[in-house]
Amino acid sequence: MQRLKNINDFQKFKNEKQPISMITCYDFAFARLAEQAGIDCLLVGDSLGNVVAGYGTTIPVTLDQMIYHAEIVRRGAPNTFLVCDLPFMSYHVSIEDTMRNCGRVMKETGSNALKLEGGRDFRNVVEALVKASIPVMGHLGLTPQSVHKLGGFTVQGRDEDKRRIMLEDAKMLEDAGAFSLVLEMVPEALAREISESLTIPTIGIGAGRYTDGQVLVINDLLGTDERYNPKYLKKYANLAKIVKDAITRYDAEVKEGKFPGEENTFK
Ligand code: KIV
């Protein structure tokens, strides 16, 4: 199994049918571990608004928050391909404002690429970024920054109109210069059709088995929230239980005078 080293390997992996593994990451400790585990790509997702900050949506997330976390993740994983999400309203106002914001992210975080949500409405943004040598990962399907327009966090592209629009938008993003595309909460058949019709790789979350790669939110795959159990998610650990058990034992040992023991004290 080869390691993904740089942007050219996204295409190489797709051509050679080697699935691309991506997870989100927000801090130094997990970035270090993810790099040691050999993950292909880390995404500092604006999902940090949900899983780190506890907001109900990603809309409150700011550019400064994204830069803060991406810079931390880069320190923990200096040798892993790093993508930083562009938060809500950081690429919507004007091309000039977008370029200033994206320039900051690239300069201050050491990211290799930026991800943005949306289709045809953002063609000019993708083209401008690519022209400025900033690689862009697209994101279609459930685009959480548009939750109020979509009416909820639901599967996208089920009806014929939306299916056709998603197919067109995917092709448009490829034509505009995106190097890869996240498909979130899309019926498996549609994700497969998009993946087969594009040259660039697709990376799915809740998009079934036939995308060119997969992405999960790190907290979800580690099972930090026992309340969150969507159908698409597989939990590879139960950190909620492990963490609660450890803190409960620590709490009890402090209260019982068992911690610190002699072995934990300085002479
Ligand atoms: O913000 C995020 O974590 C994402 C992934 C779910 C793809 O966009």
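Residues numbered from 1 in each chain as written. Predicted model: local features only at pLDDT ≥ 70, side-chain atom pairs only at ≥ 80, totals over all residues. Heavy atoms only, no water.

**Focus: the domain arrangement of the chain**
Taken domain by domain, the chain comprises domain 1 (7–236) and domain 2 (239–267). Inter-centroid distance (C-alpha atoms) of domain 1 to domain 2 is 39 Å. (Domains from an automatic or database assignment.)

**Focus: the site of the ligand**
In the neighbourhood of the ligand, the contacting residues comprise T24, L43, G45, D46, S47, D85, K115, H139, V182, E184, I205 and V217. Taking 260 Å² as the accessible area of the ligand by itself, protein coverage stands at 96%. Here the shell around the ligand is composed, by residue class, of four nonpolar, four polar and four charged. (Near = heavy atom within 4 Å. Areas by Shrake-Rupley, 256 points an atom, 1.4 Å probe, with all protein chains shown as cover. Nonpolar A, V, L, I, M, F, W, Y, C, P; charged D, E, K, R; others polar.)

**A closer look at the pairing of strand β2 (residues 41–44)**
A two-sided burial pattern is seen for β2, the buried positions comprising C41 and L43 on one face and L42 and V44 on the other. For strand β1 (residues 20–24) and β2, the ladder comprises three bridges, and the chain directions are parallel. Along β2, the bridge assignment pairs T24 with L43. Handedness of the crossover is the feature at issue here: the chain leaves β1, passes through helix α2 (residues 28–37), returns alongside β2, and the resulting connection is right-handed. Pairing between β2 and strand β3 (residues 81–85): four bridges, direction parallel. The partner of C41 across the bridge, within β3, is F81. (Buried < 20%, exposed > 50% of the residue type's maximum accessible area, 1.4 Å probe, protein only. Helix = DSSP H or I, 4+ residues; strand = E, 2+ residues; numbered from the N terminus. Pairing = 2+ DSSP bridges. Right-handed = clockwise from strand over helix to strand, strands pointing away.)

**A word on the side chain of D9**
Relative to the elements of secondary structure, D9 occurs in helix α1 (residues 8–15). Looking at D9, the relative accessible area reads 5%, which means it is buried. Setting aside chain neighbours within four positions, we find D9 in contact with R3 and L4. (Contact = heavy atoms within 4.5 Å.)

**Re the pairing of β3**
Summarising burial for β3: five of the five residues are buried, a large majority. Burial along β3 is two-sided: F81, V83 and D85 and L82 and C84, pointing in opposite directions, are all buried. As judged from the three bridges shared by β3 and strand β4 (residues 113–115), these two strands associate in the parallel manner. Bridging across to β4, D85 finds its partner in K115. At this point the chain moves from β3, through helix α5 (residues 95–109), to the parallel β4, and the crossover so formed is right-handed.

**Some details on the pattern of salt bridges**
Tallied over the full model, the rule gives 25 salt bridges. Ionic pairing is found between R120 and D169, a salt bridge with its closest N-O pair at 2.7 Å. On the criterion of sequence distance, the pair formed by R120 in the loop between β4 and α6 (123–131) and D169 in helix α8 (residues 160–176) is long-range, its members being 49 residues apart. By relative accessible area, which is 8% here, D169 ends up buried. One salt bridge in this structure joins R227 and D225, with 2.8 Å as the shortest N-O distance. Residue classification places R227 among the exposed residues on the basis of a relative accessible area of 70%. What makes D225 partly exposed here is its relative accessible area of 26%. Through salt bridges with shared partners, a single ionic network connects R120, D161, R164, E168 and D169. (Salt bridge = Lys/Arg side-chain N within 4 Å of Asp/Glu carboxyl O.)

**Some details on the nonpolar core**
Counting 70 residues, the largest nonpolar core has F10, L42, L116, L181 and I194 as the members making the most contacts within it. Per-element tally for this core: the top contributor is α8, with six residues. Apart from the residues within four sequence positions on either side, F10 is in contact with L4, I20, C41, F81, M137, F179, S180, P201 and I203. (Core = buried A, V, L, I, M, F, W, Y, C linked by side-chain atoms within 4.5 Å.)

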